[in-house]
Each structure stands twice: as C-alpha cells, then as structure tokens.
Amino acid sequence: MSDSDGKKPLGISRPGSVKQSFSHGRTKSVVVETKRKRVVVPKPGAAKPTGTGAPIGGDPSKRPAGISDVEMARRMKALQAAKSREVEDAAKREADDKARAEERERRLAEIAAKEAADKERDEAVQAKQDEEERKKADAAAAAQAAAAPAVVDPELAPAQRRAPPSSGATAAAAPRKKEDDRDTRKNKGQDDARKGGKLTLNQALRGGEGGRHRSMAQMKRKQDRARQKAMGQNVEREKVMREVQLPEAITVSELANRMTEKVSAVVKSLMTNGIMATQNQTIDADTAELIIEEFGHKVVRVSDADVEDVINIIEDDPKDLKGRPPVITIMGHVDHGKTSLLDAIRNAKVVAGEAGGITQHIGAYQVTTDNGSVLTFLDTPGHAAFTSMRARGAQVTDIVVLVVAADDAVMPQTIEAIAHAQAANVPMIVAINKCDRPAANPDKVRTDLLQHSVIVEKMSGEVQDVEVSAITGQGLDELLEAIALQSELLELKANPDRAAQGAVIEAQLDVGRGPVATVLIETGTLKRGDIFVVGEQWGKVRALIDDKGERVDEAGPSVPVEVLGLNGTPEAGDVLNVTSTEAQAREIAEYRANAAKEKRAAAGAAVTLDQLMANAKADQDVSELPILVKGDVQGSTEAIVQAMAKIGNDEVRVRVLHSGVGAITESDIALAEASGAPVIGFNVRANASARNSANQKGVEIRYYSIIYDLVDDVKAAASGLLSAEVRENFIGYAKIKEVFKVSHVGKIAGCLVTEGVARRSAGVRLLRDDVVIHEGTLKTLKRFKDEVPEVQSGQECGMAFENYEDIRADDVIEIFEREEVERNL
C-alpha cells in the first residue's frame, strides 16, 4: 500500500516540530500538531449547578477514562476527609503553640520573680553589711579622735586641708589603688556575669545558677578577704590541720579528699617517695600514713570492723532493770513427750500438726499460769539430726527442762541435751514423763542420770525432778512450781527502755510475707518501724506477730515474735540489733556479707599445690551423690545438710550442691539438670514453672515431711554407688594325674576330683608346691568324650585352661566361684 493511494493527507492546522534522538548520535525532526487546552469561561450571571441531578465529580465526559461514579465518589470523599484533617491539624497546632507560649510566659514570670526576690535579698544583706561597716568606721574614728586629739590653728586649717600628700605616700598608694580598681572591675564583671546575660534553657529549668547558692558564711569570708586585700593586708590562708581517718586500704583520690588536698599534690608526693600511683589506685595504710604526716595532718587509724561499734553491748544501769519472764527450753530424746508435755501446759495441740508425730522445728510460746506469771517456752526437736537447734535453744535459755520417758530411760539425745545444758551453764529441771504407763520406772531414770553428773533431789542432789504425765496431767502443777522457784532464785531482769537486742530462733521464706524470722527478745523493746540488722541481713520492722498469730505493736524482753520486713533470710542463731539509721544497718550488713565472702574465699584458696593434687587423687576413687536441698525453715535445712555430711565412707559421699529456704524454683531445676542431681524438698513444693521444667528436663523431685524418711532414702541411694563386695566360695580341688597333648587343642590335664565338685563355669587356680602360679578359667571340662557342666568328687575328668598350657603332673587345681554381695552404708 503506497502513500498516494487516493486519500488526502492529514491537514495540520497548528504545525510544530519535535526533534527525536536515536542511537549513535542520529536525530530526526518531525512535524507535529500542537493542541491548545480549552478553557471554559462561565457567562456572567449564570447560576452555579446544584448537587441535585448533577453527576458526582463533574461532567462524565471530562472524567479520566476507566473511573466509575462509585470510584469518583470514593475519591471525593477521601479528598474531603483529608481537607478536614488538615483543618483539624492546623487548629491543634495553633492551640499547642498558644499553650507553649503561655507556659513560656509563665516560666519567664516565675524566673523574673525569683531573680527579683534574690536581688532584694542580696540588696538587703549588702545594706545591712554596709550599715555595720559604717557603724564600725564611725566608732573607730571616734575612738581615734578621743585617743589623740589634734590642735589645729584656724588660720592653717584650710591650708592643711588643701595640702597635697607627700610624694612617698602617693607613690605607695598608686599601685595599691590600681590593684584595688582591677579587683573591683574583676568582681564587678563576675557579679554582672552572674546576674546579667541572656537567659538560657538550662538556667530556666534549673533556676538561677543551677540551684546552687552561696551560703552566708561563704559570702562573709569573701567580703572579709576583699576588705583585708583592700587594706593592704596579707590574705594568705592558714593551713587547717585535720584528723584523717585511715582504713587498712584507701585510694589516692579518697585520701586527697579526706585531707582536702589536691589530688595532683598527693600524686606528686607519692612520686617523690618513689611510688608511682594514679588517683584510682589503692595504697596501703602505712604508705598513706607517711603522706598524711607529710602534709601535716593527724592520722586516725580505723578498721572496717568499726562499723559495728554502733551496736556494742552497753551495760545497763541497775536502776533501769525490771523483772522479765524466764525462758525455759524443753529438751530431751525423740519421742519422749516433750511437745505433748508443752501442749498439756498450754492446752494446745501442736504435736498434731507435726509430720510423723515428731517435732522438726524449734517453736517459741508464752504461757500464763494460774497465778498470773508469764513463762516463755522453747520446744526443741529431739531427733539426732537437730543438734544445732538444741545447741541454740540452750544458748538463749534461762532454765532447761530435761524430759526423760520413764519407760525408756536415758537415751543418746538425752545425753546430748545434758551436755548442751552444762556447756551453757544453765540450771536444769528433770521432768520424768509417761509415769502413767505400766512399764514406767522413774527410779531407773534417776539412777541412769547419775552416770552423767546429774544428781536429782531424791538422790540427795541439787537438780529438781518432777514425775509428770502429759496424758493425765499428773505433776504439771508441781513442774510449774519448780520452774517458778528456779526463776525466783535467778532474779531475771532486763532493761525494756533501750534499743532491742534478740536472737533468731528460726527463719523461713514465706511465699506471701517474704523472709520471716522468729526472734526472742533478750533486752530492750522491739517496736514497729525500728530499723535493725541481723547477721548479714537488715530490715525495717513491718509487722510483729506473737505466738498466737496476732499482730502486736511492740515486744519486750523474753517475748518471742515473728518479725516481717527483712531484705533476706537470716541464719538461725544470728543476733538482732536495732540501729538508729538505715544507713548504719545497711553498712553493717554489707560489711558482714563481705567478711563472710572473704572468709569463704580464703578457706577455698588456702590450699597448697601438693594438697590440691593429693585431694584430686583421693577424689578419683570416691563416688559422689549430688543433691539439692530446699526446706521450709532455716533450722531444718541446716539439720538436713549436717545429716547429709555424715552419710558416706571412703568410697562414697553425699554432696549438697545447694541448700536454701523456700519453694523449689526454676533456677533450682536448672542447677539440678546441669549436675545430674535430684531435688529434695522438705515441707516445701515446687511452683508450676519449676514442675513443668522438671518434667521437660527429666529432673527428679522428691518431697519429704519426715526427716527419718529423707535420711533413709538418701542413704539407700548412696549405698547404690558402692561397688559390690566380691566373695570367693571354694567348691572343690582336683589333682592332675597325667598331661596329654592333643593336636589342634593343646595340653589336656587328666585330673581326679579329690574334694567337692568341678564346674565348667567356675574359676580355677593352678597350685604347684602350694604356690599359685596361674589363675583363670577352664576352656573345656570333659568326662570320657563328652563335654559336661560339672564333675563330682571321686571321678576322673579332663581339663584344659584358657590361654595357659604350663601344666604338670601332680599339680593341684583349686576350683572356686565368685559371688557379689551388695554393701550398705
């Protein structure tokens, strides 16, 4: 098809040219038609189209292609929403700007008011000082005039007043005047710089000079120095000699701070003495003492232990002492009726709440007798594992009641309780319990006590003894009378009007209440809100709970209470002391914690290399059973750890990886998994997350409520680590009659069983002239041509040894069997 096929070419009404660019620099000019955009000008007076009937978005013919009415409506709606948001944002910005401007004006007004008040105060102070100086100057001038009155000729007075000063005075005063003018200009510039200048943001926020103002004493010292300098006097400051408290070790910067000297001067002095030290390095006390004396200060040696001086025991004035209830500790062998006897006195049933019917905690109670006297009782466990608890009970008590069963006589823990009472040097009362039983023999108890230096009154001794029965109530009144008589002889007194001091009987970690300590107050009065330190812990008394579970506001001497508000669980037996401030308590607790940490580190570090190698070699042959122990109270946990330490021998031992008070947590499970140890919970349980973690990681958790079962199970588990004992049982002897050589088999011994029986599976020893030359096993045992399992005495057989052929006639074969026997701890 050609260009000239009969059709007219397109006409171009508005020609234009466009230059096209191609590759390799080629271009081409093309003629195109340009269209002018049509502009519709409305006629004057024409009405605007209304929304009714008009299409949304204007004329559909002028709408972009492919846009429907719905789409156009959506776009218009979005456009209107955007415009409305812009209007709202503009209004909001305007309101924020207005609020910021008001806040800025308010702050500026406050700053201006503050500056005005400061200026008025400074002016008042300055005016007062000027008035005082003027009065002092007038008084000095009057005194000088009165001391040396001068006679002045009236005719010479004007001349004297007009006479110029001498040249020497002028020459001396000129430099002083210049120096005063320079100081005045410098001080004026500083004051102007302090009071004037632009207001910065930091000054506006901090207020003035950052909140730091000069004290009146500093202002007076500055004015005195300026006055002395203006009068031409020497203004050198005299050196202040200080008492510098010097600990065992101190940093250079802290030493300079305590001497109020520059750090650079102290470092320079150290370098002069041949010690290269920076300001952050620690120097010993002897070096620091040389530096302090070189600077002219006085050394006061102090120790870290001086922080405990605030809780030193103060001797009370006898006038301030008042009577206090006695503290009675019930001690004796397990299951001799100690708690039952105390329950009968208190009309309570504590023993019903103890697992297994034995006491496993140390309890503190107060009893009011019929005559109104108050007695404080401590009930200690009798099991062998609770030795530490009995020792603590004997240390804090005034009277020990030794309970011995009339049908059981003196037992090991009875002897231990006697030893604790004698070591604490406290009087003892023997209560022979269970006298209502048919097998009761009180005289046997009295006779057995003689072997342990306890002579009762019925045996012409000084120790009171009472026959009682916790079931029937027999002898309880006599026991209380004996306690009252003994307490009257002791004349127990304490000062309730002083800072409290007590002993921790038991401590536990309660889920809802946190660390709780049962404290027996020894002297003073413990009140709510008191700040105290106990062992390595400190706290503030948040609540006091007595033995009946009721809250009290204070506790006096010999009163047992539960104390809430500690920051950690203390050790049973720690001493509680009340301090005046929280800083003192915190400092003492930190010092004690650091001292204990250093002691533990020193105990582990004080081992020579030879000892370390010897221990490592000895531990190679020892099997360990690792366990984790969590208990309900501190005393029970301590008793379990001590009991675990006693389990074992030279081949196996129990190792307590971690012991603590409170519920079993997820961190305990993680430690147990890493060490492959079971977790033992004594009267505690694992929380939900710990149980899930134990199930996932396969960690065994065992719960116990009776210490008997716990010790027996751990002992059985440790016994499983013992290697079985191998015993040899001799079952027979055989004598070699002849030795035969068989091809492809070796030497065969023709034997006669002389004693017992010969078995194919048994072990054998070859004896030659009654000397063992070989020990091994049999390769074959035949009778005639048949392989047999055993050959009886008096029969002949053929034997061949495994991997051994040096056999001769007349040798004796010893036949034995090995038996493994399990061992127990």
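Just above, that's the structure.
Student: I keep staring at the overall build of the protein and nothing clicks. Help me out?
Tutor: Helix and strand counts for the protein stand at 19 helices and 35 strands. The burial tally for the protein puts 34% of its 825 residues in the buried class. Looking at the protein as shown, the accessible area adds up to about 51500 Å², and 51% of this sits on carbon and sulfur atoms.

Student: What am I meant to see in the sheet that holds strand β26 (residues 679–682) here?
Tutor: One key point about sheets: their strands pair by backbone hydrogen bonds, in either a parallel or an antiparallel sense. Here we have four strands laid out as an open sheet, ordered β25-β24-β26-β27, and parallel in their pairing. Among the strands making up the open sheet, the edge pair consists of β25 (652–661) and β27 (701–704). Averaged over all pairs of adjacent strands, the angle between strand axes in this sheet comes to 25°, irrespective of strand direction. Pairing between strand β24 (residues 623–631) and β25: nine bridges, direction parallel. Pairing of serine 623 across the sheet is with valine 652, part of β25.

Student: What am I meant to see in the sheet that holds strand β8 (residues 327–332) here?
Tutor: Ordered in space as β9-β10-β8-β11-β12-β13, the six strands form an open sheet in which the pairing is mixed. What marks the edges here is a single partner per strand, and that holds for β9 (363–368) and β13 (464–467). Within the sheet, the average angular offset between the axes of one strand and its neighbour, ignoring direction, is 25°. With six bridges joining them, strand β11 (residues 399–405) and strand β12 (residues 428–433) adopt parallel strand pairing. Following the sheet pairing, valine 404 is matched in β12 by isoleucine 432. The strands touched by helix α11 (residues 412–424) are β8, β11 and β12; relative to β11, the strand with the most contacts, the crossing angle is about 165°.

Student: When you look at the pairing of β26 in this model, what are you seeing that I'm missing?
Tutor: Along any regular strand, the residues point their side chains to alternate faces of the sheet. Alternating positions in β26 separate into two faces, Val679 and Gly681 on one and Ile680 and Phe682 on the other, with burial throughout. As paired elements, β24 and β26 share four bridges and run parallel to each other. Along β26, the bridge assignment pairs leucine 628 with valine 679. As paired elements, β26 and β27 share four bridges and run parallel to each other. Residue pairing in the sheet places valine 679 in a bridge with isoleucine 701 of β27.

Student: Sorry if this is basic, but what is going on with the packing of aromatic side chains here?
Tutor: Each aromatic ring pair is described using two quantities: the centre-to-centre distance and the angle formed by the ring planes. The tally for this structure, following the rule as stated, stands at zero aromatic pairs. It is arginine 685 that lies over the ring of tyrosine 703; its NZ or CZ is 4.5 Å from the centre. The ring of phenylalanine 816 carries the charged tip of arginine 765 above its face, separated from the ring centre by 4.1 Å.

Student: Would you mind showing me how to read the packing of helix α7 (residues 263–272) against helix α8 (residues 285–294) here?
Tutor: Each pair of packed helices gets described by two things: the angle between the helix axes and the distance between those axes. Close contact between α7 and α8 brings their axes to 11 Å; oriented N to C, the two are set at 115°. Classed by the angle they form, the pair α7 and α8 counts as roughly perpendicular. The way α7 lies across α8 gives a crossing that is right-handed. Of the residues in α8, those touching α7 at Val266, Ser269 and Leu270 are Thr287, Ile291 and Glu294.

Student: Mind showing me how you'd approach the pattern of salt bridges here?
Tutor: Opposite charge on two side chains makes pairing possible when the charged atoms of those side chains draw close. Taken as a whole and judged by the stated rule, the model has 43 salt bridges. Between arginine 324 and aspartate 398 there is a salt bridge; the shortest N-O distance is 2.9 Å. Pair noted here: arginine 324 is in the loop between β7 (322–323) and β8 and aspartate 398 is in the loop between α10 (387–395) and β11, with a separation of 74 residues, a long-range link. With respect to burial, arginine 324 and aspartate 398 carry one shared label: buried. Between arginine 759 and glutamate 817 there is a salt bridge, with the nearest N and O atoms lying 3.2 Å from each other. Of this pair, arginine 759 sits in strand β29 (residues 746–759) while glutamate 817 sits in strand β35 (residues 812–821); the two residues are 58 residues apart in sequence, bridging distant segments of the chain. Through salt bridges with shared partners, a single ionic network connects Asp443, Arg446, Lys458, Asp465 and Glu467.

Student: So what exactly am I meant to see when it comes to helix α12 (residues 442–450) here?
Tutor: Two residues of an α-helix separated by three or four positions point the same way, owing to the 3.6 residues in each turn. For α12, every residue scored as buried is listed here: Pro442, Val445, Arg446, Asp448 and Leu449. Buried residues of α12, seen end-on, are gathered within an arc of 165° and therefore sit on one face of the element. Where α12 is buried, its residues contact β11, α11, β12 and β13.

Student: Would you take a moment to explain unusual backbone geometry for this structure?
Tutor: Phi at aspartate 335 is positive, roughly 65°, even though this residue is not glycine. Of note, aspartate 335 is situated in the loop between β8 and α9 (338–346). Relative accessible area serves as the criterion here: at 55%, aspartate 335 is assigned to the exposed category. The backbone of lysine 434 shows a phi angle near 60°, a positive value even though the residue is not glycine. As for its placement among the helices and strands, lysine 434 is situated in the loop between β12 and α12.

Student: Please explain the packing of helix α6 (residues 252–259) against α7 as it appears in this structure.
Tutor: Interhelical geometry of α6 versus α7 gives an angle of 115° and a closest axis separation of 9 Å. The chirality of how α6 crosses α7 is right-handed. Packed against α6, whose contacting residues are Val252, Ser253, Leu255, Ala256 and Met259, the element α7 presents Val263, Val266, Val267 and Leu270 at the interface.

Student: When you look at α6 in this model, what are you seeing that I'm missing?
Tutor: Those residues of α6 lying buried are Val252, Leu255, Ala256 and Met259. Taken down its axis, α6 places every buried residue within 100° of arc, on the same side. Its buried side turned inward, α6 meets β3 (243–246), β4 (249–251), α7, β5 (282–284) and α8. Threonine 260 lies just past α6 and shows a positive phi near 55°.

Definitions and cut-offs
Residues numbered from 1 in each chain as written. Predicted model: local features only at pLDDT ≥ 70, side-chain atom pairs only at ≥ 80, totals over all residues. Heavy atoms only, no water. Helix = DSSP H or I, 4+ residues; strand = E, 2+ residues; numbered from the N terminus. Buried < 20%, exposed > 50% of the residue type's maximum accessible area, 1.4 Å probe, protein only. Areas by Shrake-Rupley, 256 points an atom, 1.4 Å probe, with all protein chains shown as cover. Pairing = 2+ DSSP bridges. Axes fitted to C-alpha atoms, helices over the stretch in contact; angles between N-to-C directions. Contact = heavy atoms within 4.5 Å. Phe/Tyr/Trp six-rings, centres within 6.5 Å; stacked < 30°, edge-to-face > 60°. Lys NZ or Arg CZ within 6 Å of the ring centre and 35° of its normal. Parallel < 35°, antiparallel > 145°, perpendicular 65-115°, else oblique. Left-handed = near helix turned anticlockwise from the far one by under 90°. Salt bridge = Lys/Arg side-chain N within 4 Å of Asp/Glu carboxyl O. Arc of directions from axis to C-beta.

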